[in-house]
Amino acid sequence: MRNPQRVSGLDASFVSLETASQHLQIFSILELDPSTVPGGYSFEAFRDALAVRLRAIPELREKIVDTALNLDFPVWTEDAEFDIARHVHRIGLPAPGDRAELERLCGYLAGLRLDHSLPLWQLWVIEGLAGGGVAVMLVLHHAMADGVTFADLLGRLCSAEPDPGRPSPLTAAPAVGTLRMALDGLVRFARRPAQFVRLLPPTLRAVLETVRRVVSRRSMALPFTAPPTVLNGRTTGERTLALARLDLDDVKKVARHFGVKVNDVAMALVARQAREYFLDRGELPKRSLIALVPVGAHEDPDCQARNQVSGIFARLETQIADPVERLRSIAAASAIAKEHSSALGVTLLNGWGEVIGPMPLGIAKRIYARLTQTRPMYNIVVSNVPGPPTPYLMGARVSSLYMFGPVMLGVGLNVTLFSTNGALHVAVLSCPALLADPHAIADGFAAGLAELLAEIDGMPAIPAAV
């Protein structure tokens, strides 16, 4: 008899840490040209093609199951009553079907909570875009994927050709009886003290390494050292969204010229927008804003956790006025932060996730929620995710693909940069109680890139949207 396919501790934490104002879900928006669909586009044909595709993606047919007798984390189990109609929905965009209406609708959808009794995803097919276009918004619970695994899933949903053929089916996690789940959970629960003991030495080394780096001033930014701002406070469940798109070759040109990484340029663009926002308000902190930057930790090929992620606290150097100096300072600080994170061991978070049970996580959630009301751990969540080529989705050509993560407790802003198909797609998700209009951040990305390009070309910066 097969052992249950357990939800990992870190994956389970994304369920345990949810609140009414913190839905831990991740999103993607694909803008499509349906003229390439073999035989023509219709919603019914799209849904039927997706149903065929799902046979090769078992994760999207599995749900989380638990029982009162289970002492360990819940299990993934194939939904025996899986019905694609419960997950794929059709919705029309109000006239005139422009970008503003798309952002408004997707922001509203991002504030809706998934049904936890079903496989944890929804897909909205949005019709009525200006020019006959169609958009798709995929909502996925964070328990199912981090940025890397979500990008991989998008790659499997998409195809290199309009008509890729039928994929080979893959089996999902089998159902598990209540008694089997309870016995296996008891065994795993009994192993936790030994896991705790094994984690103590690397954790102690990580603490001592951090102290050493702080003393030598070679550490990443520390949590709870972020300056208080209007972006930090009590959040609600509402969400607003703004999108931007940049030419990836231009971003790479800046990176090559200044000898930094594409990620450093992306961070510098976010920093520039945050600085401009607070300058306009007359509230620029004297100290640098701090960003939480998720970092992929997919190092163990045998690890079954769907989230294999760590994170660094990165200085955005918003106190620096000169854009080139700011970029170079961000690159230097980022190198130190990554070096620090590597020295700590990026798999520690997964390790502790297996030891900490749901009840301690619930207590930690309440403590953290209170702390963030008086002192922010960080100011902004910033993610930069490289994506696979995604030319077609169910036969429709993909013209744009945005991905973005959740707004977290105490932090009203999430900025995600997703690179694919020659473009850097920027999604800015905010809680309107803290940032009413995310366009205040998103609309200046083109100007920020033009500003850096002008430093190379010696010409005036002229913002130009792609």
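Position labels on residues start from 1 in each chain and follow its written sequence. This being a predicted model, a pLDDT of at least 70 is required before a residue's local features are given, and a value of 80 or more before pairs of side-chain atoms are given or counted; all residues contribute to the totals for chains, interfaces and linings. Note that water and hydrogens are dropped before the side-chain values are worked out from all heavy atoms of the structure.

J.: Which residues make up the overall build of the protein, and what values do they have?
T.: A run of H or I in DSSP becomes a helix once it reaches four residues, and a run of E becomes a strand once it reaches two; helices and strands are each numbered from the N terminus. Regarding its fold elements, the protein presents 13 helices and 16 strands. C-alpha atoms define the radius of gyration, and 2.2 Å times the number of residues to the power 0.38 defines the globule rule. The globule rule puts the C-alpha radius of gyration for 466 residues at 23 Å, and the 22 Å found for the protein is close to it. Over its C-alpha atoms, taken along the principal directions, the protein stretches across nearly 70 × 60 × 35 Å. Every one of the 466 residues in the protein was classed for burial, and the buried ones make up 53%. Whether two residues touch is decided by their heavy atoms; if any such pair falls within 4.5 Å, the residues are in contact. When contacts within the protein are restricted to residue pairs at least 6 apart in sequence, those whose partners lie at least 24 apart make up 80%. Buried residues are those whose accessible area, probed at 1.4 Å on protein chains only, stays under 20% of the maximum for their type, while exposed residues exceed 50% and partly exposed ones sit between those limits.

J.: Tell me what's going on with the packing of aromatic side chains, and back it up with residues and numbers.
T.: Aromatic rings considered in pairs are described by the distance between their centres and by the relative angle of their planes. Between rings of Phe, Tyr and Trp, where Trp is taken as its six-membered ring, a pair exists when centres lie within 6.5 Å; planes separated by under 30 degrees are stacked, by over 60 edge-to-face, and by other angles tilted. Following the criterion strictly, the structure yields four aromatic pairs and no others. Seen in terms of ring centroids, Phe27 and Phe404 are 5.0 Å apart; in terms of plane orientation they differ by 20°. Their pairing is stacked. Here Phe27 is found in strand S2 (residues 25–33), whereas its partner Phe404 is found in strand S14 (residues 396–404), with 377 residues between them in sequence. Here the two residues Phe27 and Phe404 agree in accessibility, since each one is buried. With 5.2 Å between their ring centres and 75° between their planes, Tyr277 and Phe278 make a pair best called edge-to-face. For the pair Tyr277 and Phe278, one class covers both residues: buried. Look at NZ for Lys and CZ for Arg. If either is within 6 Å of the ring centre and within 35 degrees of the ring normal, a charge sits over the ring. Sitting above the plane of the Phe73 ring, Arg192 keeps its charged end 5.0 Å from the centroid. Over the face of the ring belonging to Trp76 we find Arg306, whose NZ or CZ atom lies 3.9 Å from the ring centre.

J.: Could you give an account of the environment of Trp124, naming the residues involved and the relevant values?
T.: Relative to the helices and strands, Trp124 resides in strand S6 (residues 121–127). Each C-alpha atom, one on Trp124 and one on Pro201, is 47 Å from the other, the two residues being 77 residues apart in sequence. Excluding anything up to four places from it in sequence, Trp124 contacts His89, Ile91, Leu109, Leu112, Ala135, Val136, Met137 and Val139.

J.: Account for the sheet that holds strand S3 (residues 62–65), naming residues and giving values.
T.: When DSSP finds two or more bridges between a pair of strands, those strands are recorded as paired. Strand order in the open sheet made by the three strands is S1-S4-S3, with antiparallel pairing throughout. With partners counted over all chains shown, the strands left at the sheet margins are strand S1 (5–6) and S3, one partner each. Pairing of S1 with strand S4 (residues 75–78) involves two bridges; the strand directions are antiparallel. The residue bridging Gln5 from the neighbouring strand is Trp76, located in S4.

J.: So, the nonpolar core: which residues are in play, and what are the values?
T.: Leu123, Ile126, Met137, Leu140 and Leu393 are the most contacted members of the largest nonpolar core, which has 64 residues in total. At seven residues, strand S7 (residues 134–141) tops the list of elements feeding residues into this core. Ile126 has contacts with Ile91, Leu93, Leu102, Leu105, Cys106, Val134, Ala135 and Met137, leaving out every residue within four places of it along the chain. To qualify as a nonpolar core, a set must consist of buried Ala, Val, Leu, Ile, Met, Phe, Trp, Tyr and Cys residues joined through side-chain atoms within 4.5 Å. Membership of the second largest hydrophobic core comes to 59 residues, among which are Ala242, Phe258, Ala271 and Leu417.

J.: Lay out the packing of helix H8 (residues 262–281) against helix H9 (residues 323–344) in plain terms, naming residues and giving numbers.
T.: Contact pair H8 / H9: the axes reach a minimum separation of 9 Å and the direction vectors enclose 120°. Here H9 runs oblique to H8, going by the angle between their axes. Crossing geometry of H8 relative to H9 is assigned as right-handed. Along the contact surface, H8 presents Asn263, Asp264, Val265, Met267, Ala268, Ala271, Arg272 and Arg275, while H9 presents Arg326, Leu327, Ile330, Ala331, Ser334 and Lys338. As a working rule, the residues Ala, Val, Leu, Ile, Met, Phe, Trp, Tyr, Cys and Pro are called nonpolar, Asp, Glu, Lys and Arg charged, and the rest polar, with Gly in that last group. Here the residues of the contact of H8 with H9 are counted per class, giving seven nonpolar, two polar and five charged. Axes here mean lines fitted to C-alpha atoms, for a helix over just the part in contact, with angles spanning 0 to 180 degrees between N-to-C directions. Convention used here: angles under 35 degrees read as roughly parallel, angles over 145 as roughly antiparallel, angles from 65 to 115 as roughly perpendicular, and any remaining angle as oblique. Should the near helix be turned anticlockwise from the far one by less than a right angle, the crossing is termed left-handed; should it be turned clockwise, right-handed.

J.: Would you mind going over the pattern of salt bridges in detail, with residue names and values included?
T.: Whenever a carboxyl oxygen of Asp or Glu lies within 4 Å of a side-chain nitrogen of Lys or Arg, that contact is scored as a salt bridge. Inspection of the entire model under this criterion finds 22 salt bridges. Where Glu31 meets Arg99, a salt bridge forms, and the shortest distance between an N and an O atom there is 2.8 Å. Residue Glu31 is found in strand S2, and its partner Arg99 is found in helix H3 (residues 99–110); the two are separated by 68 residues along the sequence. Here Glu62 ties to Arg306 by a salt bridge, and the two come within 2.4 Å at their closest N and O atoms. Of the two residues, Glu62 is situated in strand S3 and Arg306 in the loop between strand S10 (290–296) and strand S11 (309–315); the sequence distance between them amounts to 244 residues.

J.: Go over the sheet that holds strand S12 (residues 380–386), please, and point to the residues and values.
T.: Strand pairing in a sheet takes place through backbone hydrogen bonds and is either antiparallel or parallel in direction. The strand order across the open sheet built from six strands is S9-S16-S15-S12-S10-S11, with neighbouring strands paired in mixed fashion. Two strands close off the open sheet at either side, each with one partner strand: strand S9 (240–247) and S11. With direction set aside, neighbouring strand axes in the sheet form an average angle of 20°. As paired elements, S10 and S11 share seven bridges and run antiparallel to each other. Each bridged residue has a counterpart across the sheet, and for Ala291 the counterpart in S11 is Ala314. Running over the sheet, helix H7 (residues 248–258) touches S9, strand S15 (413–420) and strand S16 (423–430) and is turned about 70° from S9. Contacts between helix H13 (residues 445–457) and the sheet are confined to S9, S15 and S16, with S9 contributing the most and set at about 30° to the helix.

J.: Give a description of the confidence of the model for the protein that names residues and reports values.
T.: Per residue, pLDDT measures the predictor's confidence, with a range of 0 to 100. Confidence in the prediction of the protein, expressed as mean pLDDT, is 90, and 94% of residues score 70 or more. Of the regions scoring below 50 in pLDDT, residues 462–466 engages in nine contacts with residues more than four places distant in sequence or in other chains.

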